[in-house]
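What follows is the residue order along each chain.
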Amino acid sequence: MCGIMGYIGPREAVPIIMEGLQKLEYRGYDSSGVAIIEDGVLNVYKKVGKLAELKNQLNGMTFTAMSGIGHTRWATHGRPSDVNAHPHADCQGRFAVVHNGIIENYLPLREWLISMGHKFLSETDTEVLSHLLEEFYEGDLVQTVLRVIDKIEGSFAMVILSLDEPGTIVAARQDSPLVVGLGEGENFLASDIPALLAHTRRTYILADGEIAVLTREGVQVIDQFGNSVEKPVFEVKWEAAQAEKGGFDHFMLKEIHEQPSALKDTLSGRINPDGTGVLLNEITMTPEELKNINKIYITACGTAYHAGLVGKHVIEKLARIPVEADIASEFRYRDPMIDDKTLLIVVSQSGETADTLAAMREARRRGAKAIAVTNVVDSTVAREADYVLYTWAGPEIAVASTKAYTTQLMAMYLLALYFAERRGTMPREELKTVIREMKKLSDKVKVILDNCQAIDKFVAEYSHCGSAFFIGRGLDHTVAQEGALKLKEISYMHAEAYAAGELKHGTLALIIQGVPVIALATQQALFEKMVSNIKEVKARDATVIALAMEGIKEVEKVADHVMHIPSTHPVLAPILSVVPLQLLAYRMAVARGSDVDQPRNLAKSVTVE
Ligand code: AGP
């Protein structure tokens with residue numbers, strides 16, 4: 001996610017803005033910029049790279065401006081570059097805008113504005129905001145912002161500076177965090193509390209649909225209809241380190257809780273307005289090329305590989321194309337059968353994993369086209385693939401991948417539906433049903449996050465155990481592998497994922513009294529089989545925590561603990577069933593005292609083989 005900083009008051013704005021952006025650097029970014037009004041001119045200074053690049057640009061300049069806005073950009077639409085950096089200005093240089101989030105309908109708005117004579121300089125979705133302000137402005141900045149908000153769809157935290165009203169900064173929030181800092185004769189804006197703590201601990205946490213109007217004298221908050229909103233002052237008690245995690249104890253927990261908004265962003269602009277199909281403008285394969293595909297390989301490492309396993313299941317089921325999911329370090333050395341009818345999908349959060357990169361290069365050398373599913377714009381994987389599907393999850397700082405995994409799953413579903421729709425392998429009604437259920441996943445993840453107390457009991461009882469088993473069938477088996485990896489990599493408890501039907505062929509010998517077994521039973525078609533497998537391990541005195549969809553009562557008769565997830569379409573279950581497993585791993589790690597965000601021996605991006 002990008003960083004935002006704004007200031008209005010009696011002091012020089014630029015140093016305050018730069019220092020605030022510095023406090024937000026930990027979030028990850030690839031360019032930065034500031035906008036100020038000096039001697040009746042709106043000046044924008046921006047630079048690709050780290051803040052030091054912007055500082056070099058500003059070195060030697062003297063500024064007197066006492067209000068301004070600044071931004072550190074995590075690229076989504078448009079690669080990292082000077083021109084794509086924020087702030088963005090309109091044609092006449094009368095408005096400057098910084099923005100976090102995704103403007104879903106930016107393409108039609110851009111076309112309309114161009115038809116009205118506006119000239120765009122960048123590839124970003126954000127730039128439409130500055131031209132809309134210019135198009136609608138009739139002398140009242142706040143009313144203009146309300147009109148712009150009415151026009152756009154998607155997520156935004158936007159902050160606007162106007163040459164026509166230099167004593168005011170206006171900000172609006174929808175699905176992307178924005179905080180007002182309340183000073184004495186001065187006021188602040190930031191995307192995150194750490195940027196404010198040097199100046200004030202008194203804040204307004206803006207809610208969705210709220211607009212803040214800042215002047216030196218004070219702050220007015222209104223809703224999208226212009227009605228005044230009474231805001232309680234939120235007194236920040238956190239220290240800076242805590243504030244960087246948004247009040248959570250670890251980045252991993254913060255990122256687990258960011259999944260509802262991250263999933264919304266991944267879907268943003270990729271479902272057609274009437275919900276009857278998938279729009280992936282990034283995949284420019286012709287209908288013939290799509291029909292010509294007779295084999296797909298999905299290759300990745302670690303958690304990304306587990307996302308690929310789900311991709312295999314859902315693409316085969318919905319698009320009826322044979323798919324193999326392969327660990328990248330194995331794929332590249334097994335002389336895979338590839339020709340020009342083969343499609344490769346590489347999955348990589350960082351886009352820099354050495355084994356994944358090497359696997360993609362080998363497959364492309366043999367004639368395959370490659371789609372990269374990645375979270376980092378302009379990463380090496382993104383630059384070298386033939387097509388790129390960004391997950392737009394925002395920076396993932398914890399080594400353990402959580403929101404990257406669930407947004408990768410969302411990307412797998414989008415690809416499966418995209419292929420199915422264009423190859424005619426799915427009845428239209430079922431396509432609409434799956435899409436309708438996909439749109440509900442974000443809220444259902446939130447329900448799980450708000451109701452996960454059952455995990456505490458299990459952690460208290462079993463945090464001393466030496467090992468745990470995760471069992472499941474079909475899609476549940478793929479999620480079991482992700483659950484086992486999470487538990488191992490951050491709590492250091494040994495864990496093994498096993499196909500439930502395979503236990504009796506050997507591994508059952510390890511199931512003895514008190515061994516914890518997490519049994520995933522979300523797939524209705526395999527439910528009876530799973531109940532038998534739970535009984536099988538119970539008969540060896542294992543302790544079973546079952547994970548099933550709400551309303552499935554039978555499982556309570558056979559398991560020791562049960563975690564329920566909201567019901568959804570069976571193919572979509574992994575996005576929900578993984579969340580309790582993420583929380584289980586997190587809480588087990590805290591209970592066992594390991595370093596949650598930086599586990600021993602591990603790196604966030606494995607750029608060596
Ligand atoms: C997962 O929690 C780990 N951090 C690790 O397995 C990771 O998924 C793997 O190294 C792949 O990284 P990538 O997605 O950046 O390619």
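Conventions adopted
- Residues numbered from 1 in each chain as written.
- Predicted model: local features only at pLDDT ≥ 70, side-chain atom pairs only at ≥ 80, totals over all residues.
- Heavy atoms only, no water.
- Helix = DSSP H or I, 4+ residues; strand = E, 2+ residues; numbered from the N terminus.
- Rg over C-alpha atoms; globule rule 2.2 N^0.38 Å.
- Buried < 20%, exposed > 50% of the residue type's maximum accessible area, 1.4 Å probe, protein only.
- Salt bridge = Lys/Arg side-chain N within 4 Å of Asp/Glu carboxyl O.
- Pairing = 2+ DSSP bridges.
- Contact = heavy atoms within 4.5 Å.
- Axes fitted to C-alpha atoms, helices over the stretch in contact; angles between N-to-C directions.
- Polar contact = N/O pair within 3.5 Å; in protein donor to acceptor, adjacent residues only side chain to side chain.
- Expected span 1.5 Å × (residues − 1).
- Core = buried A, V, L, I, M, F, W, Y, C linked by side-chain atoms within 4.5 Å.
- Near = heavy atom within 4 Å.
- Areas by Shrake-Rupley, 256 points an atom, 1.4 Å probe, with all protein chains shown as cover.
- Nonpolar A, V, L, I, M, F, W, Y, C, P; charged D, E, K, R; others polar.
- Parallel < 35°, antiparallel > 145°, perpendicular 65-115°, else oblique.
- Left-handed = near helix turned anticlockwise from the far one by under 90°.
- Phe/Tyr/Trp six-rings, centres within 6.5 Å; stacked < 30°, edge-to-face > 60°.
- Lys NZ or Arg CZ within 6 Å of the ring centre and 35° of its normal.

The secondary structure content of the protein amounts to 20 helices and 24 strands. For a compact globule of 609 residues, the expected C-alpha radius of gyration is about 25 Å, and the protein comes in at 25 Å, within 12% of that figure. With respect to the three principal axes, the spread of C-alpha positions in the protein is 80 × 55 × 45 Å. Counting all 609 residues of the protein, 61% fall into the buried class.

Once that is clear, we can look at the pattern of salt bridges. For side chains bearing opposite charge, pairing can occur when the charged atoms are close. Applying the stated rule across the entire model yields 32 salt bridges. Among the salt bridges present, the one from Arg173 reaches Asp208, with a minimum N-O distance of 2.6 Å. One end of the pair, Arg173, is in strand E8 (residues 169-174); the other, Asp208, is in the loop between strand E11 (202-205) and strand E12 (210-214), with 35 residues separating them in the sequence. Of the charged contacts in the structure, one is a salt bridge between Arg334 and Glu324, with a shortest N-O distance of 2.8 Å. Pair noted here: Arg334 is in the loop between helix H11 (328-331) and strand E17 (342-348) and Glu324 is in strand E16 (residues 323-327), with a separation of 10 residues, a long-range link.

Adjacent strands of a sheet pair through backbone hydrogen bonds, lying either parallel or antiparallel. Within the open sheet, the six strands sit side by side as E5-E6-E7-E8-E12-E13. Their pairing is antiparallel. Each end of this open sheet is capped by a strand with a single partner; those strands are strand E5 (88-89) and strand E13 (219-223). With two bridges connecting them, E5 and strand E6 (residues 95-103) associate as antiparallel partners. Bridge pairing in E6 places His88 opposite Val97. Together, E6, strand E7 (154-162), E8, E12 and E13 form the strand contacts of helix H5 (residues 141-151), whose direction differs from that of E7 by roughly 155°.

A few words on the side chain of His71. Its place among the elements puts His71 in strand E4 (residues 67-73). Here His71 falls in the buried class, since its relative accessible area comes to 0%. Looking at His71, its side chain comes within polar contact range of the main-chain oxygen of His99, at 2.9 Å. The residues contacting His71, other than those within four sequence positions of it, are Cys2, Gly3, Ile4, Leu21, Ser31, Ser32, Gly33, His86, Val98, His99 and Asn100.

Here we take up the sheet that holds E11. The eight strands lie next to each other as E3-E2-E4-E1-E10-E9-E11-E14, forming an open sheet whose pairing is antiparallel. Two strands close off the open sheet at either side, each with one partner strand: strand E3 (41-48) and strand E14 (234-235). Where strand E2 (residues 31-38) and E4 come together, six bridges link them in antiparallel fashion. Bridged to Ser31 within E4 is Arg73. Those strands touched by helix H1 (residues 13-23) are strand E1 (3-8), E2, E4 and strand E10 (187-190), and its axis lies near 155° from that of E1.

Let us look at the pairing of E1. For E1, the buried fraction is high: six of the six residues fall into the buried class. What you see with E1 is no split at all: Gly3, Met5 and Tyr7 on one side and Ile4, Gly6 and Ile8 on the other are buried throughout. In the sheet, E1 pairs with E4 via six bridges, with the strands oriented antiparallel. Across the sheet, Gly3 pairs through a bridge with Thr72, a residue of E4.

So, about helix H10 (residues 302-319). Over its 18 residues, H10 extends 25 Å from the first C-alpha to the last, a length consistent with the 26 Å expected when each residue adds 1.5 Å. In terms of burial, H10 is largely enclosed, as 13 of its 18 residues are buried. Positive backbone phi, at 55°, marks Arg320, one or two positions downstream of H10.

Ile296, Ile345, Phe419, Met438 and Phe470 are the most contacted members of the largest nonpolar core, which totals 122 residues. The element that contributes the greatest number of residues to this core is helix H14 (residues 403-423), accounting for 13 residues. Not counting the four nearest positions on each side in its chain, Phe470 is found in contact with Ala480, Gly483, Ala484, Leu487, Ala495, Glu496, Ala497, Tyr498, Ile518, Leu581 and Leu584. Listed in part, the 28 residues of the second largest apolar core include Tyr106, Phe120, Phe136 and Ile211.

A few words now on the site of the ligand. Residues in close proximity to the ligand total 13 residues, the closest being Ser348, Ser350, Thr353, Val399 and Glu489. Between Thr303 and the ligand, the recorded distance is 3.2 Å, taken from a backbone N or O atom to an oxygen atom. Within the backbone of Ser401, an N or O atom sits 2.8 Å from an oxygen atom of the ligand. Protein chains bury 92% of the 410 Å² of accessible surface belonging to the ligand in isolation. Listing elements by their share of the shell around the ligand, those giving two or more residues are H10 and helix H17 (475-491). Top element by residues in the shell around the ligand is H10. It accounts for three residues. For the shell around the ligand, the class distribution of residues is four nonpolar, seven polar and two charged.

With an omega of 5°, the peptide bond running from His86 to Pro87 counts as cis. One can find Pro87 in the loop between E4 and E5. Positive phi is not limited to glycine here, since Asp39 has a value of about 50°. Counting through the fold element by element, Asp39 comes out in the loop between E2 and E3.

At a minimum axis separation of 9 Å, helix H8 (residues 259-267) and H14 run at an interaxial angle of 30°. Considering the angle they form, H8 stands roughly parallel to H14. Considering the relative orientation of H8 and H14, their crossing is right-handed. For the pair H8 and H14, contact is made by Gln259, Ala262, Leu263, Thr266 and Leu267 and by Lys403, Thr406, Thr407, Met410, Ala411 and Leu414, respectively. Classifying every residue of the contact of H8 with H14 gives six nonpolar, four polar and one charged.

Turning our eyes to something else, we now look at the environment of Tyr7. By the element assignment, Tyr7 lies in strand E1. You can call Tyr7 buried: its relative accessible area is 0%. Excluding residues within four positions of it along the chain, Tyr7 makes contact with Ala13, Ile16, Ile17, Met66, Ser67, Gly68, Ile169, Glu186, Asn187 and Phe188. One polar contact links the side chain of Tyr7 to the main-chain amide nitrogen of Arg11, over a distance of 3.0 Å. Looking at Tyr7, its side chain comes within polar contact range of the side chain of Glu186, at 2.8 Å.

Throughout the structure, instances matching the rule amount to eight aromatic pairs. Ring centres of Tyr418 and Phe419 lie 6.0 Å apart, and the angle between their planes is 70°; on these two criteria the pair is classed as edge-to-face. What makes Tyr418 buried here is its relative accessible area of 4%. Of the residues examined, Phe419 reaches a relative accessible area of 0% and is grouped as buried. The ring centre of Phe136 lies 4.1 Å from the NZ or CZ of Arg147, which sits over that ring.

Everything listed is a geometric property; what it means functionally is a separate question.
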